[in-house]
Each structure stands twice: as C-alpha cells, then as structure tokens.
Amino acid sequence: MKAADPPVPVPRKPGQPESGTPASPSGPPDSGPAKGTRKRRVGPLLPYLLIAPTIVALAAVFVWPLIKTVIMSFQDVGRRELWTGEAAPWVGFDQFTDIFGDGEFWDVVWRTVLFMTVCVVATMGLGLFLALSMQRMAKGVRLALTGALVAAWAMPLLVATSIFRWFADSDYGVLNMVLTKYLGLDFRGHNWWLDPKQGFLIIGAVVVWGAVPFVVITLYAALTQVPRELEEAASLDGASATGVFRFVTWPVIKPVFQMIATLSVIWDFNVFGQVFLIRGNKPEPEYNLLGTYYYEKAFESNSFSQGAAISLITVLLLSGVAVYYLRQLLKIGEVE
Amino acid sequence: MSVTAPSRGTVRPSGKSPAYRPDRKTRSRHVHNLVGVVAFVVMAFPVYWLVISALRPNNEIRSYDQTLWPSSFTLDNFQRAVDMPNFGSAIQSSLIICGTSVLGGMLLSTIAAFAIARFQFIGRKAFMMILLAVQLLPPTAMLIPIYIQLNELGGLNQYWGVIVLYLVSSLPFATWMIRGFVVNIPKELEESAMVDGCSRMGAFWRVILPLLAPGLAAASIFSLINAWNEYLLAYIVLQDNDKYTLNVWLMNFTTSRGTDYGALMAASTLIAIPVVVFFMFVQKNMASGLTSGAVKG
Amino acid sequence: MKRKLIAAIGIAGMMFSVAACGGGDSESAKDPKDRKGDLTVWLMTDAQSTWPELVKQANTEFNKKYPGVKVKIQYQQWSDKTKKLDAALAGDSFPDVVELGNTETMTYILNGALGEIDAKKYDNSDTWISGLKDTCSYEGKLYCVPYYAGARVAIYNKPMFKAATGSDALPETETALTKALDKVQKKYGKKDKAFSALYLPGRYWYAAMSYVAAYGGKIAEYDESAKKWKATLSSPEAQEGIQHFVDLVKKYNHGDQTKDEQDHANVMANEKAGLIYGNGWEAGSVIDPAANGNPKLKDKIGTGAMPGPNGKTLPSFIGGSDLATISKSKNQDLGEYWISLFTNEKSEAALAAKNILPNNTKQLEPLKSKPETAPIANAVPDAWFTPIAPGWAAVEKKETLELMLLDILKGKSVEEATKAADKEIDGLINEAS
C-alpha cells in the first residue's frame, strides 16, 4: 500500500500473533480498537438479512445438487435413467464398495496425492523464493516480472495447455529442439508422454506455471509489510540470513502462506483441464488423476452414480485439508 | 512491531538505504536481478509464444524447424479470428455475464463480509464453514446435478443462469477476502460518521466502502478471471449461438477437420487484452488487498 | 373409501397426463399452416463453415410448408458436444434434431434418446450407404438418417514421387508402392532424418484395422448361439493384419511412431512425408492456410486408392454423420420433415459438389468417375465399420485398440497384445453404454 492510500488509523499489522499465542518478536497487542467492542449485538435480524442473499444464492445452486449427488451415489443411474426419468434402482453401498475394491482407484488416489504434493511444494517454494527475491530486485526487473506474471495469469487454460503441448511435441516441439540443438543431447523425436514420469513433469509445469503468479504476487505483498527495521536490527545483531527469515520474516507472512497453500492443495487436487487437454481429450489410464477418473466413470462409462460416489470420496479426502483450513480460519475468527 | 511503527508506505523495498553492508548488498542485488530475469523469461515465454504464433503464417506454427522469431509477420490470423461468426455477440455476452456476475458478487460478498466481521450472531461460524466447504466440491463432478437444478429454475439458455453460477463460484473467496478488510477498519470511524447524522447505510457507503476499495479490487479480479476464462458451464447452459461467451466462441476454431491454430491464438490474444488491462489497472490495489484480507482470515 | 377415491383421481389424472403427452398426435394432425413454435436443430460447426447455404435452403423449404415454425439452428462443437447433449437430455431444454457422428449413435439409441424414423420419408433411403445405415439400426428399427460419409485414401506429394520414381502416379499394388516408398525414402530421407516416405502413426487404429480387414479379420463377431459379441483380434487373420501394419510403421515412419493421426496434415504440409493414409478431405487441409496448411503445395498433392495386401485396395473405415430426432421431442414429425429436406437428393448433390460423399450409393456413382473424388467414392463399397455392438462406444473410449498398438510398438508381441485386447473388449462390448 502506498502512503497515499486512504488513511487507516493505526493499521493493524498483518501477522500479528493472535492474542493468547506466545508472542514472536513483536510488541504487545496493538492499540487498535479494543477487541470485544468490535462485535455488538444489534437488531438481531440485521446480520441475517445481510448474509441472506449469499445463503440464498449458494443454496439455490448447491443444496439440491449436493443432495442429488448423495442420493445418486446410492443408486445406479446411467444415461437411460437420467434421460427418461425412469426410477433408478437402489444399490446401497455398492458403488462405494466397487470403487474401493478397484485397484485402479487406489492407484489414481496415490497418483493424485503425489502429484498434488509435488505441485503444491513446487508452487509454494518457487513462489516464496521469487517473492523474496523480488524485494531485492532493481525496480525495472521487478516491474517486468510482475507484467509477465500478470499476463501468464490471464491466459485461458485451453490456450496455455495447447502451447505447452506444442513445446513438448516429439516432432516439432521447441523443448526437444532446444535440448538437441543447444545442449547437445539427442532428444530428436523424443516422446515425453510414453513415460508418465516425464509426462507428469510437463503437466506439472503447466500447473505450476499457471499457479505461481497468484502465489508470488500475494506473498510479495505480504513481504512488503515486514518491517525493514526489524530485519536490519536482527542482522546487525549477527543473525544469519536464515535466522532473519525464520524469526522476523516468516512469522509475518505465515498466515498468508498457509492460506495460499491450503487453496493450492484444493485446486491441485481437483486438476482436470490440464491433464485432459494436454492428452488430446483422451488421457491414457496412467495419466488419470481423480478429476479425469471421475469424468471417465461418469460420462464415458455411463455410470453417473459411480461418478457421484467418486466426487463424494474426493470431498471426504479433501476435508482433511479443509479441517485444517477451517481451524485456521475459525481460530482467527474467534479473536476478532 | 510497534517499534517506530513506520507507515507501510515507507517500508517498501526501495533499496534506498545502501548505507550499511554496501558490498554484500550490491552483489546480492545482482544475483536477485539475475533471478528476476530468469523468472521473467520462464513466465513470459508461453505468453510470447501465444502472441508470436498469432502473428506468424499459419503453417509455421507447427513447423518442424521451430524458430524463436517468425520469418514473416501477418495479420491474416487476426482477420480470420475477427471474421468468425458471432464475434460481436460473444463480446457482448462476455461483457454482460462477467460484468454482472462480478458486480453482483462484489455486492453480495461485501454485505455478507460486513455481517460476519461486525456482528456476533448465532450461525456465524456455520456460515463461514459453508463458505469454505463449498470450495471443496469438484467442479466437473457437479456438472449434471447443477444443470438439472438450473433447468428447474428456468435458467437454461439465459444469461442469468450463467451469471448466477459464476457469481456463486466466486462468492466464498470474495466474502472471505473482503471480510479481512472490514475487520481492519476501526468501527470508531463508522460510529463517528453515524454521530454526524449518517444512517448505518450512509456510514457504510461514505466511510467504509472507500476503505474497502483495495479488497474489492482484489476480489473482483479473481471473479473476473474465473468468469472470463470459464468455458464448460457456459457452453452447456447457453444454447443459442449468439449467446455464447468469448471462451465458448473460441472453440469454433476447432472443427472435425482440425484446429485453425493461427486464428485460435489470434483470438485468444484479443480476448486476453481486456483482462490484462483490468489487471494492470487494479494490480497495485490487489497486492495489498490480498494480504490484508488473508492475514485477517 | 376415501383412499380409493384418491387413487381413482390419481389414475384419472395419470391418464389425463398420458393423453397430454400423446398430444404430439393432435399437434401433428393440425394444419401445417397453424403449427407454431420452434424447431431446434443441433448441427456440427462443419455445416456452418463449409456448407451454410445448404442449411439455409433446407430452412426456406421447411418454412414453405410450416410458415409458423421457427427453425433454430444451434451449431455445436466437437470437443464437448456429447457432454452438452447428455446434460440437455436430462432437462427440458433439449434439441428436436441432432447430428451425431456415426460412432456415437449407438449410445443414444440404446438409452432410448432417439425417436424412431420412417425410412420411406427420405430420398434414396433404399440405397443408403450401409456403413451409415447400420449405425442407425437397432433390432430391426431405424433411429437416424445418414447425412454424409467419409472414407480414407492415400494422399501423396506428387513432385516427390516424380523425382524419386520418375512417375507422379500412385502405384497400384502394394509391392510397387513399397518399392516406390523405398526410393522416396532414399532420396529425401538422406538429408532429413525426420522424413517419412509413408507417415503412418503407430496409434492410428483405423489404419491398423483396415489391414486386419484386408486379411479377412474382424475386431469382433456376433455369436448367434450365445447371443453375445466376442472379440476376434487374436485370430490368425487379424494378427497378420496388425503385424503388417506395425511393420509398415516401423519401416517408414521416421517421426515419432507413437502418435495418433492428428498430425497427418501438418506432416504433409511441412513436407516431412511422401504419403499419408488419411481422410479424403485432408488433401485439402494440407494446402489450406486456414487449416495450418501450406499454400505452396497447391496442385502438388494427389490422392489415390491406397494399395493393400494381396494385390487389393486397402479397405477403408467408413466414417460419417447421421441426423436424428429426439424421442422426448413434441416436434418429431417436424424434425423428420426438416431432416428429409436437409438430406434430400438436391442437398446431397450439393454436398457431393463439395467433394463430400453423399449418403447414398446412387449419387455416389457419378463421383466414381470424377478424378478428385474417385478414390474416396471407390473406397465405399469395400469399406468396413466398427462392430455395431451395445458396448462398442466404451471400447473406443477406453482406447483399447490404440493402447494395444502402443504396447506392440513398445515391444510386446502381437499375439500377447491381441489376446489382452480381446479380453478387455469382451468385458466391455456386451454391456450397453
């Protein structure tokens, strides 16, 4: 924020440790508005009126579909039932036992977890590194980088994926050309998709490339709010660079970092388009992630019930992360 | 942190204080500049490729002798892109749908954010949980149930059907982010405004809203990118060809006989321009917006 | 007593609503001039880009009889059309007429989505190309109308053949062809390691199955006694065909052998291939600048019948499109009428004039003597088609055949790979999908 921004009297510092948690190197709770007076009990209906439109909108779009998904997962709904309205037979937990008993499903789950972990670690690591580095860059370099990040972020998925697909093409791809011509390796005609490890390297690159702008820009903003004086004082006191980061910088950006990481986990867990498009709308079995596996079951194998069951399982798997996410949020929410 | 609490503006890493550790600083400055240049190249290269592909003759795009610079430039691809039927109506649809869903989303999320930031009420926690839980639902998995729901509501082949879907999909994130800004605004400001004779709504509009601007900017760019680049829901819900949005229209370049990549790249370049412009416009606000919002949960 | 009454009212109500549903009859009994409303037609984008005047003509004709009905043409995109149709059929906003690829129809027929068709209402229905008609028929009933067909032919670079062999005509037997290919490879492959005299991608299963058909093999056969489909890729004939295909790939394809046929036109346009075995229209894509083609190759690309094993022409897969009405539609009669106009002799003649194969053999005849269309038109009578089995769509979506070919290229023996594929196909082909 610039100094010219609207006056915010005694802005609360981000990363302020929540009251009750042991303080890192920061002062006492700031002298901002005393907590407790923040919330007040006014006309008890007003807050409900304020959230009503949101509730109505969410309910209108999600409630019945969600119930429908749960119902479908205990039935056997195919195209015929979907189209003709014929009653679908109830099958109890069959869909779930089928899925859990399917070896391919577990392969897909592990692959998804692994892929998600690698992507999130790479995205967050690169993002943090770049954001830290950006603070120390010349202004021109920083502006150019920001521009590139912004343009990358705005590119439609379909187009970005097409371009990465060309890059990695075996016959006319720039990647093979560069490796062969400039690095002297024999990558002529090399197919990156035959070995899923290499293939996922490319898909991971699309995912990470697409996610890094959001992370860098956000973390960079968080970093601008770390008091420079503290960093300097710490390093004059003889703290190493890692020490400064650990005790001064990290506590400030931690909440932001956690939030982005959590969102990244959710987004990367549900990756669909990147895999689907880059494999020409027909990913091979060894390229299936949960997102594409769901799609295959529901639309291609004509079992919308299996698809529904898989999506519920996905939600359950993700809710582990969600609990963490919620706790973070509610913890912060508590002290407001 | 209260040590000499500088205003946030002055702690920008301007590098204007080379007074201490001069050697280490310049050396590390060079290293960081190098990192910046490398990162710039990596991030910008696909973007560069998009623009350059749009400008080169169509048969060179997938040529076996890739060159980093085209042998010649042509605007043919742009011509074919613009000549594709329904370009005009697609621009109109995209503007209507994205504009309305972003504005509507901002309105709903601001008042909801205001409620959860300023009031303690029963069900507040539950509401926040719902906001987060909604984000866990895998989007493709909900396709058919949501379609059926929209069918019941009569929103098929209607702009508002798509608008509602886009609005709802960005609501949780926007609400969460704006809430962080509302809690940052001291309620004294609001109260003093009310003492001056403003109603609560008046206080909101005149005092709070301006302070929310960065948060709104941040949330709106997210919603805009979501809506602008969405394809599948729009394609399935909208049926008349002249109601298609730009991203659906983009698919016209693929027929059973293959894809006209030159025109596709040219069209995507054109489509990306408004987003980039909007982005550049609010980017500064957004960076700070994101942080404040996120930090406060 | 009361309960009975309610039940009676309920039944009466049901009967009433049944009658209301049958309202289509009373509707179709109306004077055509009094019919109102919309007729929604889903056509693929090809009609918009390549033969828009045909659509206009059909609509004008249609409105002569039904002036009050508005025909709404909605162009669909290949990538996600079936997803959209699947969703639309689950709601109330479905089209009245829909275009389907001839490999897609079975799924919709089996699940009761398409309305029955009366062949008598259509021009030339007695000579419909069987590869298309078969995809519309199920248990003796007809559910869609053939629209246009496509066949695969040899597409080659004439100057290259001329320079290497002294003749720019395509050899007529496979022995002569391989000799010519060797010469082309020798001449152009020397300085360019990525040059393929014959660019035959390894996952191109339509081509592989053409060789299977050439040796008399089949993908699957219907066993009358067991009332079941059974995959027969591991039969000696089929194995021979697959081996033949794989040998050609390994010998002549010097690009990435594990691709599918999507890059055909691009490879030709880049002059990285002397010959491809592709769809008839791909010859046009090679030179069309709007299709990533290379305009410099204009007049240099020739087409011909692809020579196959045993001195015969290679049997082609017959592709194409069909048109159908939706069974839930209240305007099925209007839909049928519109389709009959859109596929009548005049319309099909207009398609034939664009070098697209018409839906019937009668109008195909003249194309056989036209040089540009002779190869595709001649490919029709011996063409083969995928099994008309309930679960075939699932086999295609699982990419069983593509992955089988990939395994062979990676080193698996043909026998092993075909047996594995048979097993997988047997598990899918009898289940409706």
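An unreviewed UniProt entry lists chain B under the name Carbohydrate ABC transporter permease, with Streptomyces spongiae as the source organism. Heading Sequence similarities (unreviewed entry) of the UniProt record for chain B holds this comment: "Belongs to the binding-protein-dependent transport system permease family." In its Subcellular location (unreviewed entry) section, the UniProt record describing chain B reads: "Cell membrane".

As recorded in an unreviewed UniProt entry, chain A goes by the name Sugar ABC transporter permease, listed as coming from Streptomyces spongiae. Looking at the Sequence similarities (unreviewed entry) heading of the UniProt record, one finds this comment for chain A: "Belongs to the binding-protein-dependent transport system permease family." Reading the Subcellular location (unreviewed entry) entry of the UniProt record for chain A gives the comment "Cell membrane".

Undergrad: Tell me about the overall build of chain A, residues and numbers included.
TA: The secondary structure content of chain A amounts to 13 helices and zero strands. Counting from the amino terminus, chain A carries its helices and strands in the arrangement α-α-α-α-α-α-α-α-α-α-α-α-α. A buried classification covers 57% of the 336 residues belonging to chain A. Of the contacts formed within chain A by residues at least 6 apart in sequence, a portion of 66% connects residues at least 24 apart. For chain A, the computed accessible surface area is about 13900 Å², with 67% contributed by carbon and sulfur atoms.

Undergrad: So, the overall build of chain B: which residues are in play, and what are the values?
TA: For chain B, the helix and strand inventory stands at 11 helices and two strands. The linear arrangement of helices and strands in chain B, starting from the amino end, is α-α-α-α-α-α-α-α-α-α-β-β-α. Within chain B, the fraction of its 297 residues that count as buried is 63%. The long-range share in chain B, meaning contacts at least 24 apart out of those at least 6 apart in sequence, stands at 71%. On chain B, roughly 11300 Å² of surface is accessible, and the fraction owed to carbon and sulfur atoms is 67%.

Undergrad: I'd like a description of unusual backbone geometry, backed by residues and values.
TA: A positive phi is found at B:Asn157, a non-glycine position, where the angle reads about 55°. Within the secondary structure, B:Asn157 is located in the loop between helix H5 (143-153) and helix H6 (159-184). Given the relative accessible area of 10%, B:Asn157 is considered buried. One non-glycine residue, C:Asn355, lies in positive phi territory at about 60°. With respect to the secondary-structure elements, C:Asn355 resides in the loop between helix H15 (345-353) and helix H16 (361-364).

Undergrad: Before we move on, can you summarise the sheet that holds strand E1 (residues 37-44) of chain C with the specific residues and values?
TA: All names here are of chain C. Read from one edge to the other, the open sheet built from five strands follows the order E2-E1-E3-E13-E6, with strand pairing classed as mixed. The two strands at the open ends of the sheet, each matched to only one other strand, are strand E2 (69-76) and strand E6 (145-150). Between one strand axis and the next, the sheet turns by 20° as a mean value, whatever way the strands run. As paired elements, E1 and E2 share eight bridges and run parallel to each other. Across the sheet, Thr40 pairs through a bridge with Lys72, a residue of E2. Sheet contacts for helix H5 (residues 81-89): E1, E2 and strand E3 (97-101); angle to E3, the most-contacted strand, approximately 140°. Lying over the sheet, helix H14 (residues 332-342) contacts E1, E2, E3, E6 and strand E13 (319-325), oriented at roughly 145° with respect to E13.

Undergrad: How would you explain the UniProt feature "transmembrane region" (unreviewed entry) in chain A if you had to name every residue and give the values?
TA: The UniProt record annotates "transmembrane region" (unreviewed entry) at residues 45-67, 108-131, 143-168, 200-223, 244-267 and 304-326 of chain A. The annotated region residues 200-223 of chain A carries 100% helix and 0% strand content, and the separation between its end C-alpha atoms amounts to 32 Å.

Undergrad: How would you summarise the packing of H5(B) against H5(C) if you had to cite specific residues and measurements?
TA: The relative placement of two packed helices comes down to the angle between their axes together with the axis-to-axis distance. Packing of H5(B) against H5(C) leaves a shortest axis separation of 9 Å and a crossing angle of 45°. As far as their axial angle goes, H5(C) and H5(B) are oblique. Viewed along their axes, H5(B) and H5(C) form a crossing whose handedness is right-handed. Contacts from B:Leu143, B:Ile144 and B:Tyr147 in H5(B) reach C:Lys83, C:Asp86, C:Ala87 and C:Ala88 in H5(C). Taken together, the residues of the contact of H5(B) with H5(C) break down into five nonpolar, no polar and two charged.

Undergrad: So what's going on with the confidence of the model for chain A? Which residues, and what values?
TA: Residues and elements named next belong to chain A. Considering every residue of chain A, the mean pLDDT works out to 81; 85% of them sit at 70 or more. Taking the mean pLDDT of every element in chain A, the minimum, 78, falls on helix H13 (residues 304-335) and the maximum, 94, on helix H4 (residues 103-135). For the stretch residues 1-41, pLDDT sits under 50, and the model shows 79 contacts to residues farther than four places along the chain or on other chains.

Undergrad: Tell me what's going on with the environment of A:Asn191, and back it up with residues and numbers.
TA: With respect to the secondary-structure elements, A:Asn191 resides in the loop between helix H7 (174-181) and helix H8 (196-223). The buried category is assigned to A:Asn191, whose relative accessible area is 11%. A:Asn191 sits 18 residues away from A:Gly173 along the chain, and the two C-alpha atoms are 9.8 Å apart. With residues near it in sequence (within four places) discarded, A:Asn191 still touches A:Ser170, A:Gln198, C:Asp256 and C:Thr258. A polar side-chain atom of A:Asn191 sits 2.6 Å from a polar atom in the side chain of C:Asp256. Separated by 2.7 Å, the side chains of A:Asn191 and C:Thr258 make a polar contact.

Undergrad: Which residues make up the confidence of the model for chain B, and what values go with them?
TA: For residues with low pLDDT, the predicted coordinates do not support detailed interpretation. All names here are of chain B. Averaged over every residue, the pLDDT of chain B is 81; residues scoring 70 or more account for 86%. Note on residues 1-20: pLDDT under 50 across the span, and 32 contacts to partners over four residues away in sequence or across chains. Scored below 50 in pLDDT, residues 293-297 makes 21 contacts in the model with residues more than four places away or belonging to other chains. The complex prediction reports pTM at 0.83, with the ipTM value standing at 0.82.

Undergrad: Which residues make up the side chain of C:Thr400, and what values go with them?
TA: Following the sequence through the fold, C:Thr400 ends up in helix H19 (residues 400-409). When residues no more than four places from it in sequence are discounted, the contact partners of C:Thr400 are C:Val395, C:Ala421, C:Glu424, C:Ile425 and C:Leu428.

Undergrad: Kindly report on the domain arrangement of chain B, identifying the contributing residues and their values.
TA: You'll often see interface size given as the accessible area lost when the parts meet. All names here are of chain B. Its domain assignment divides chain B into domain 1 (21-74) and domain 2 (86-295). Averaged C-alpha coordinates put domain 1 and domain 2 at centres separated by 32 Å. Between domain 1 and domain 2, the residue contacts involve seven residues of the former and seven residues of the latter. Taken together, both faces of the contact between domain 1 and domain 2 bury some 550 Å²; the carbon and sulfur share is 73%. In terms of surface lost to domain 2, no three residues of domain 1 exceed Leu50, Ala54 and Asn58, which account for 63% of the buried area on that side. Here domain 1 and domain 2 share zero salt bridges between them. Linking domain 1 to domain 2 there are two residue pairs in polar contact (both at pLDDT 80 or more). Looking at the side of domain 1 that touches domain 2, its residues break down into four nonpolar, two polar and one charged.

Calculation notes
- Residues numbered from 1 in each chain as written.
- Chains lettered and ligands numbered in written order.
- Predicted model: local features only at pLDDT ≥ 70, side-chain atom pairs only at ≥ 80, totals over all residues.
- Heavy atoms only, no water.
- UniProt positions renumbered as here; feature names shortened; annotations may be inferred.
- Helix = DSSP H or I, 4+ residues; strand = E, 2+ residues; numbered from the N terminus.
- Buried < 20%, exposed > 50% of the residue type's maximum accessible area, 1.4 Å probe, protein only.
- Contact = heavy atoms within 4.5 Å.
- Areas by Shrake-Rupley, 256 points an atom, 1.4 Å probe, with all protein chains shown as cover.
- Pairing = 2+ DSSP bridges.
- Axes fitted to C-alpha atoms, helices over the stretch in contact; angles between N-to-C directions.
- Parallel < 35°, antiparallel > 145°, perpendicular 65-115°, else oblique.
- Left-handed = near helix turned anticlockwise from the far one by under 90°.
- Nonpolar A, V, L, I, M, F, W, Y, C, P; charged D, E, K, R; others polar.
- pLDDT = per-residue confidence, 0-100.
- Polar contact = N/O pair within 3.5 Å; in protein donor to acceptor, adjacent residues only side chain to side chain.
- Domains from an automatic or database assignment.
- Buried area = accessible area lost by both parts, 1.4 Å probe.
- Salt bridge = Lys/Arg side-chain N within 4 Å of Asp/Glu carboxyl O.

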